[in-house]
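Read off the chains here:
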Amino acid sequence: MVDMNYSLNFITTTVDQWQRLRIQRFTLFLYLLIIFATGFIFYKLYDSVDYMATVISIKADQIEKQISEIEPQVILLENKINKRNAMTGNTKFYSQIEQRPGLWYARLKDISSNLPAKMIIKQIEYVSDDLGDTKQPPKFSLTGHIVIQNNEKDIFMVDEYKNVISESPYIKYIYDNVNINNNNIYKENDDLKLTFSMVFEK
């Protein structure tokens, strides 16, 4: 009887040891798995961050290289802009109306040479700055008319003439806007007559 109890106790103790050993092994396996998984995750995270840092560094180097290539062009462009501004400032001296009356000759020559055959200029008016009156009308204006004889294109002749004159170098560098005012059409005898005022404004 004693031997049997001893054998049972021995078997029970051995089974308990095996169970504890299996539990310990399983727990150790879980620890190792968690540690390995955590290490793998950190490795992948580090690898991703390192890859992004490399990409950003390459892009930054490319941008810096492009900037270094563009900088000489920017400096050259700035020099050209400064030269242009200086030349534009000089044009004010050469465009003085009263001090350089020869420009008036060139301006009137452009006005007459581009004048359509059907258009008649009745009045050219110029108001000088010397009057000092802010209520005066714009400095420079043309007044005239066209006789429309069964031709619809004649209606647009004033606008076409205005576009041509506004591109004259003796006008566009002094006057910013060219406007058509007092544009009227009425019947005179058997024809239509279009009257207009062309105003040059700074």
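Given the structure is predicted, the values throughout are model-derived calculations rather than measurements.

## Digging into the overall build of the protein chain
Part 1: Scanning the protein chain for helices and strands turns up four helices and four strands.
Part 2: Overall, the protein chain shows an N-to-C arrangement of helices and strands of α-α-β-β-α-α-β-β.
Part 3: Looking at the protein chain residue by residue over its 202 residues, the buried ones come to 18%.
Part 4: Of all intrachain contacts in the protein chain linking residues separated by at least 6 positions in sequence, the fraction that spans at least 24 positions is 55%.
Part 5: Of the roughly 16,100 Å² of accessible surface on the protein chain, a fraction of 59% belongs to carbon and sulfur atoms.

## Thoughts on helix H3 (residues 157–166)
Part 1: Along H3, the residues that are buried comprise Met157, Val158, Tyr161, Ile165 and Ser166. The buried residues of H3 occupy one face: seen down the axis, they fall within an arc of 160°.
Part 2: Lining the buried residues of H3 we find helix H2 (102–113), strand S1 (119–126), strand S2 (140–148), helix H4 (169–172), strand S3 (177–188) and strand S4 (191–201).

## A word on the sheet that holds S2
Strand pairing within a sheet occurs via backbone hydrogen bonds; the two strands may be parallel or antiparallel.
Part 1: The four strands are arranged S1-S2-S4-S3 in an open sheet whose pairing can be described as antiparallel. Of all strands in the sheet, those bounded by a partner on one side alone are S1 and S3. Direction aside, the axes of adjacent strands within the sheet are offset by 15° on average.
Part 2: Where S3 meets S4, 10 bridges bridge the pair, whose relative direction is antiparallel. Bridge assignment links Tyr186 to a residue of S4, and that residue is Lys193.
Part 3: Strands in contact with H2 are S1 and S2; relative to S2, the strand with the most contacts, it is inclined by about 15°.
Part 4: H3 contacts S1, S2, S3 and S4 of the sheet and is inclined by roughly 25° relative to S4.

## A few points about the side chain of Lys193
Part 1: Position of Lys193 among the secondary structure elements: in strand S4.
Part 2: Judged by relative accessible area, which is 12%, Lys193 ranks as buried.
Part 3: Discounting residues that sit within four places of it in the chain, Lys193 has contacts with His145, Ile146, Asn184, Ile185, Tyr186 and Glu188.

## Overview of unusual backbone geometry
Both trends apply: most residues other than glycine have a negative phi, and most peptide bonds are in trans.
Part 1: You will see that Asn182, though not glycine, has its phi angle at about 50°, which is positive.
Part 2: Looking at the secondary structure, you find Asn182 in strand S3.
Part 3: Exposure remark for Asn182: the relative accessible area of 55% places this residue in the exposed category.

Here is what the cut-offs are and how they apply
- Residues numbered from 1 in each chain as written.
- Predicted model: local features only at pLDDT ≥ 70, side-chain atom pairs only at ≥ 80, totals over all residues.
- Heavy atoms only, no water.
- Helix = DSSP H or I, 4+ residues; strand = E, 2+ residues; numbered from the N terminus.
- Buried < 20%, exposed > 50% of the residue type's maximum accessible area, 1.4 Å probe, protein only.
- Contact = heavy atoms within 4.5 Å.
- Areas by Shrake-Rupley, 256 points an atom, 1.4 Å probe, with all protein chains shown as cover.
- Arc of directions from axis to C-beta.
- Pairing = 2+ DSSP bridges.
- Axes fitted to C-alpha atoms, helices over the stretch in contact; angles between N-to-C directions.

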